[in-house]
Amino acid sequence: MEKRVRVRFAPSPTGGLHMGGVRTALFNYLFAKKHGGDFILRIEDTDQTRYVKGAEDYIIAALKWCGIEPNEGVGFGDGPYKPYRQSERKASGLYKNYADKLIAGGHAYYAFDTSEELDEMRKRLEAAKVAAPQYNSVSRQNMRNSLTLSEDEVKKLIESGTPYVIRLKVPRNEEIRFHDIIRGWVVVNSTQVDDKVLLKSDGMPTYHLAHIVDDIEMKISHAVRGEEWLPSAPAHILIYRYLGLESDMPLLAHLPLILKPDGNGKLSKRDKSGLPMFPLDWHDERTGESYVGYRESGFTADAFINMLALLGWNPGDTREIMPMSELIESFSFERVNKSGAKFDPEKTKWFNQQYLRKRSDAELAESFAPILESKGHKAGLPAGEAGKVFLTEFCRLIKEKAHFINEFYDLGSYFFVAPNSYDEKVISKKWNENSKALYTKLNEKFSAASEWSIDSVTKLFHEAETELGKLDMQLVRVLVTGVSGGPQLMDMLALLGKTEVTNRISAALTVLK
RNA sequence: GGCCCGUUCGUCUAGGGGUUAGGACGCGUCCCUUUCACGGACGAAACACGGGUUCGAUUCCCGUACGGGCUACCA
């Protein structure tokens, strides 16, 4: 019988969740939803020295914004396997029990070496030109551990409170084979694997032990994580094996990494591409550093998620704009790539543009209102319903030009504040000695208008042209907005209103000679 | 350095023993538009290299190069 699909996203609260982490969470989520399974959020806070205040709340808030909601776990109502924070799970002696089982089976041992002794060992091995200096089947013979010390000595050391760790006893020269859903069979010789610390001297388990214990306890069916874990997978296989749990082991899937847009390396917290690396604004209290988020930069969650999903995965056809429901429906690990994918800021913007266009004008107006307010131009808007209508129409006109809602203001600030300068290029090219008289007359016609709508202004304009001769639309635009480009002229004039338009033209005519 | 993973247009990718190697972003040209954008049409642009295997390899195998990851009492 197939195991029920249960997957987990298990970040450690050492900082804000960056987009690479979001994608790992996303793939887990898509897979769970696709198979009607469970998606769990587990917090792996076994390293108190790296704990960052606020990180956990950030992770939860980020997942919520992204629409990647766990149905079990920290911040999402817990569930049958609570607690979901490893620091809290430790209290029951859970991890220690598993470590003890390994010791009893002869597959783990106590090690009393101090960090100085470990440093010395590494230096010694490096000096001896050992290719991979590590605590392993060879070097452990010269260290202070329960394999080299007598039973009595070990007992004495432990009873006297000497700090110790528990290490995995990795055999020498044994072939470790494991299957990865994305990569196929991977073979590693155990000589390459070091005797990993399983339980630290502070009593906390390391990731290696903790995630295995929890995956087993929480009945996880698939361990989906980043490629950076591939090298330690052989050690994990050994732990499952020595615990007699190989048959309950989750299936493995190592996701390709997201790489920097330029040059090389994996994506870092700060990137010069100009786009955020975090879903939400993140402020690290410890370092005092702040990072902007996608949300605050004007991205919509669906665009962000869509972009992330297609970084290293594709549906097998040419679809690109896919809402979450479609991503879920199409998702499979078979279509996840093996190689790392460079993050593409341009395409990311394009995704947001696509989603921006899909949103209704009224909806955009609602999102834009607070942005406008922050610019201090609320006063310029008509009150109440009229203001809403104005903003909705404004969004209709401006959205075709923008990638982000945050650009709306810069693209159309002249809708809210009259210009105080006029595009030099257009003026020097098109303004001549006849212009002043010509556009004064046009303005008179505007002033006399009894009706003011897109249609009526268009009609008025054409009438003026037959009467006064050819008019220059771009010049009219500059007189009213100060800039050379923008939405359809007539639409814009109509929205601005008769009074505003005629006032602005008058003002321009007094400035221009 | 060692080990592991990878390599199709600049980027994200489809494909797969015989294809005009397809799509998307970006770029360029044209059309639409009395502006800009949107939209439409078209275009430039790729199988890392060397050996095999084969009638035939971009596709399979091996090397090399290049890229990435790991190499902690961090995850």
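Note that the structure is predicted; figures quoted are calculated from it, not measured.

**Details of the overall build of chain A**
Next up, step 1: When you go through chain A residue by residue, the secondary structure sums to 20 helices and 14 strands.
Next up, step 2: Computed over its C-alpha atoms, the radius of gyration of chain A comes to 32 Å, more than 25% above the 24 Å expected for a compact globule of 513 residues.
Next up, step 3: With the C-alpha coordinates aligned to their principal axes, the bounding extent of chain A is approximately 110 × 50 × 40 Å.
Next up, step 4: Evaluated residue by residue, chain A yields a buried proportion of 50% over its 513 residues.
Next up, step 5: The contacts of chain A with a sequence gap of at least 6 include a subset with a gap of at least 24, amounting to 72%.
Next up, step 6: For chain A, the accessible area works out to roughly 24,300 Å², and carbon and sulfur atoms hold 50% of it.
Next up, step 7: Of the charged side chains in chain A, 69 are positive and 71 negative; the average position of the first set lies 2 Å away from that of the second.

**As for the pattern of salt bridges**
Next up, step 1: Throughout the structure, instances matching the rule amount to 33 salt bridges.
Next up, step 2: The residue Arg 319 makes a salt bridge to Asp 317 at a minimum N-O spacing of 2.6 Å.
Next up, step 3: The class of Arg 319 is partly exposed, set by a relative accessible area of 27%.
Next up, step 4: Of the charged contacts, one joins Lys 347 and Glu 320 as a salt bridge, the two residues approaching to 2.9 Å between their closest N and O atoms.

**So, unusual backbone geometry**
Where the residue is not glycine, phi is negative for most of them; where a peptide bond is considered, it is trans in most cases.
Next up, step 1: Cis peptide bonds are those with omega within 30 degrees of zero, and the linkage from Lys 82 to Pro 83 qualifies with 0 degrees.
Next up, step 2: Positionally, Pro 83 belongs in the loop between β3 (72-73) and α3 (86-89).
Next up, step 3: Phi at Asp 78 takes a positive value of approximately 50 degrees, unusual for a residue other than glycine.
Next up, step 4: You can see Asp 78 is positioned in the loop between β3 and α3.
Next up, step 5: Taking the relative accessible area as the measure of exposure, Asp 78 reaches 30% and is therefore partly exposed.
Next up, step 6: Of note, the phi angle at Lys 129 is positive, near 60 degrees, even though the residue is not glycine.
Next up, step 7: Accessibility expressed as a relative area gives 73% for Lys 129, which makes it exposed.

**Observations regarding the packing of helix α18 (residues 473-481) against helix α19 (residues 489-496)**
Next up, step 1: At their nearest, the axes of α18 and α19 sit 11 Å apart, and the two run at 30 degrees to each other. In terms of their interaxial angle, α18 and α19 are classed as roughly parallel. Viewed along their axes, α18 and α19 form a crossing whose handedness is left-handed. Residues Met 473, Val 476, Arg 477, Val 480 and Thr 481 of α18 touch α19, and the partners they reach there are Leu 489, Met 490, Met 492, Leu 493 and Leu 496.

**Concerning the sheet that holds strand β4 (residues 108-111)**
Next up, step 1: Taken in spatial order, the three strands line up as β4-β5-β8 in an open sheet, and their pairing is antiparallel. The strands lining the two open edges of the sheet, one partner per strand, are β4 and β8 (197-199). Across the sheet, the mean angle from the axis of one strand to that of its neighbour is 45 degrees, orientation sign disregarded.
Next up, step 2: Bridge count between strand β5 (residues 165-168) and β8: two bridges; the pairing is antiparallel. Note that in β8 the partner of Arg 167 across the bridge is Val 197.

**Regarding the protein's contact with RNA strand B**
Next up, step 1: Of all residues adjacent to RNA strand B, which total 58 residues, the nearest are Arg 183, Asn 264, Glu 320, Lys 401 and Glu 465.
Next up, step 2: Within the side chain of Arg 50, one N or O atom sits 3.1 Å away from a sugar or linking oxygen of RNA strand B.
Next up, step 3: Note that a base oxygen of RNA strand B is positioned 2.8 Å from one of the backbone N or O atoms of Ser 201.
Next up, step 4: Secondary structure elements with two or more residues in the surface near RNA strand B: α5 (115-127), β5, β14 (341-342), α11 (345-358) and α18.
Next up, step 5: Broken down by element, the residue count for the surface near RNA strand B peaks at four residues, all from α11.
Next up, step 6: Among the residues forming the surface near RNA strand B, the class breakdown is 17 nonpolar, 17 polar and 24 charged.

**Brief notes about helix α4 (residues 94-104)**
Next up, step 1: Buried within α4 are the following residues: Leu 94, Tyr 95, Tyr 98, Ala 99, Leu 102 and Ile 103.
Next up, step 2: Against the buried residues of α4 lie α3, β4, β5, β8, α7 (207-217) and α8 (233-242).
Next up, step 3: Directly after α4, the chain includes Gly 106, whose backbone phi takes a positive value near 80 degrees.

**A word on the side chain of Glu 44**
Next up, step 1: With respect to the secondary-structure elements, Glu 44 resides in the loop between β2 (38-41) and α2 (55-66).
Next up, step 2: A distance of 2.9 Å separates the side chain of Glu 44 from the side chain of Arg 42, its partner in a polar contact.
Next up, step 3: Ignoring sequence-local partners within four residues, the contact set of Glu 44 consists of Ala 10, Pro 11, Ser 12, Pro 13, Gln 86, Tyr 207 and His 211.

**Quick look at the packing of aromatic side chains**
Next up, step 1: The tally for this structure, following the rule as stated, stands at 28 aromatic pairs.
Next up, step 2: Between Phe 31 and Phe 333, the ring centres sit 4.6 Å apart and the planes meet at 40 degrees, which makes this aromatic pair tilted. Of this pair, Phe 31 sits in helix α1 (residues 19-34) while Phe 333 sits in the loop between α10 (324-330) and β14, placing them 302 residues apart in sequence. Pair check on accessibility: Phe 31 and Phe 333 agree, each one buried.
Next up, step 3: Where Tyr 110 meets Tyr 164, the ring centres are 5.1 Å apart and the plane angle is 80 degrees; that geometry is what we call edge-to-face.

**Looking at the domain arrangement of chain A**
Next up, step 1: The assigned domain composition of chain A is domain 1 (1-73 + 256-356), domain 2 (94-199), domain 3 (359-415) and domain 4 (418-513).
Next up, step 2: On a C-alpha basis, the centres of domain 3 and domain 4 stand 23 Å from each other.
Next up, step 3: Between domain 3 and domain 4, the contact holds nine residues from the first and 11 residues from the second.
Next up, step 4: Of the roughly 880 Å² buried at the junction of domain 3 and domain 4 (both faces included), carbon and sulfur atoms supply 73%.
Next up, step 5: Among the residues of domain 3 in contact with domain 4, Leu 397, Tyr 414 and Phe 415 are the three that bury the most area, contributing 64% of the side total.
Next up, step 6: A salt bridge links Asp 491 to Arg 396, with the nearest nitrogen and oxygen atoms 2.9 Å apart.
Next up, step 7: Grouping the amino acids of the side of domain 3 that touches domain 4 by side-chain chemistry returns six nonpolar, no polar and three charged.

Conventions used here
- Positions within a chain are numbered from 1, following the residues in the order the chain's sequence is written.
- Here every chain gets a letter starting at A, and every ligand a number starting at 1, in the order they are written.
- Reporting in this predicted model follows two pLDDT cut-offs: at least 70 for local features of residues, and 80 or more for side-chain atom pairs to be given and counted; totals over whole chains, interfaces and linings ignore these cut-offs and use all residues.
- In computing side-chain values, all of the structure's heavy atoms are included and hydrogens and water are not.
- Segments assigned H or I by DSSP are reported as helices when at least four residues long, segments assigned E as strands when at least two residues long, and all are numbered from the N terminus.
- Values of the radius of gyration come from C-alpha atoms, whereas the globule rule sets the reference at 2.2 Å times the count of residues to the power 0.38.
- Relative accessibility decides the category of a residue: with a 1.4 Å probe and only protein chains considered, values under 20% of the type maximum give buried, values over 50% give exposed, and everything between is partly exposed.
- Residues count as neighbours in contact if any of their non-hydrogen atoms are within 4.5 Å of one another.
- Per-residue and other accessible areas follow the Shrake-Rupley method at a 1.4 Å probe size, with only the shown protein chains counted as cover for residues.
- For the charge count, each Lys or Arg is scored as positive and each Asp or Glu as negative, with His and the chain ends excluded.
- In plain terms, the charge of a residue is placed at NZ if it is Lys, CZ if Arg, CG if Asp and CD if Glu.
- Salt bridges are defined by distance alone: a side-chain nitrogen of Lys or Arg within 4 Å of a carboxyl oxygen of Asp or Glu.
- Inter-axis angles, ranging from 0 to 180 degrees, are taken between N-to-C directions of lines fitted to C-alpha atoms, where helices are fitted over the stretch in contact.
- By definition in this entry, angles of less than 35 degrees are roughly parallel, angles greater than 145 are roughly antiparallel, angles of 65 to 115 are roughly perpendicular, and the rest are oblique.
- Each helix crossing is assigned a hand: it is left-handed if the near helix lies turned anticlockwise from the far helix by less than a right angle, otherwise right-handed if that turn is clockwise.
- Being paired, for any two strands, means DSSP has found at least two bridges between them.
- Any residue with a non-hydrogen atom lying within 4 Å of a molecule or strand is treated as near it.
- Side-chain atoms alone can form a polar contact between residues adjacent in sequence; in general such a contact is a pair of N or O atoms within 3.5 Å, and within protein one must be able to donate a hydrogen while the other accepts it.
- Three residue categories are used. Nonpolar comprises Ala, Val, Leu, Ile, Met, Phe, Trp, Tyr, Cys and Pro, charged comprises Asp, Glu, Lys and Arg, and polar comprises the others, including Gly.
- We call Phe, Tyr and Trp rings a pair once their centres come within 6.5 Å, taking the six-membered ring for Trp, and we label the pair stacked below 30 degrees between planes, edge-to-face above 60, and tilted otherwise.
- As annotated, the domain borders come from an automatic or database domain assignment.
- Reported buried area values correspond to the accessible surface (1.4 Å probe) lost by two parts on association, with both partners' losses combined.

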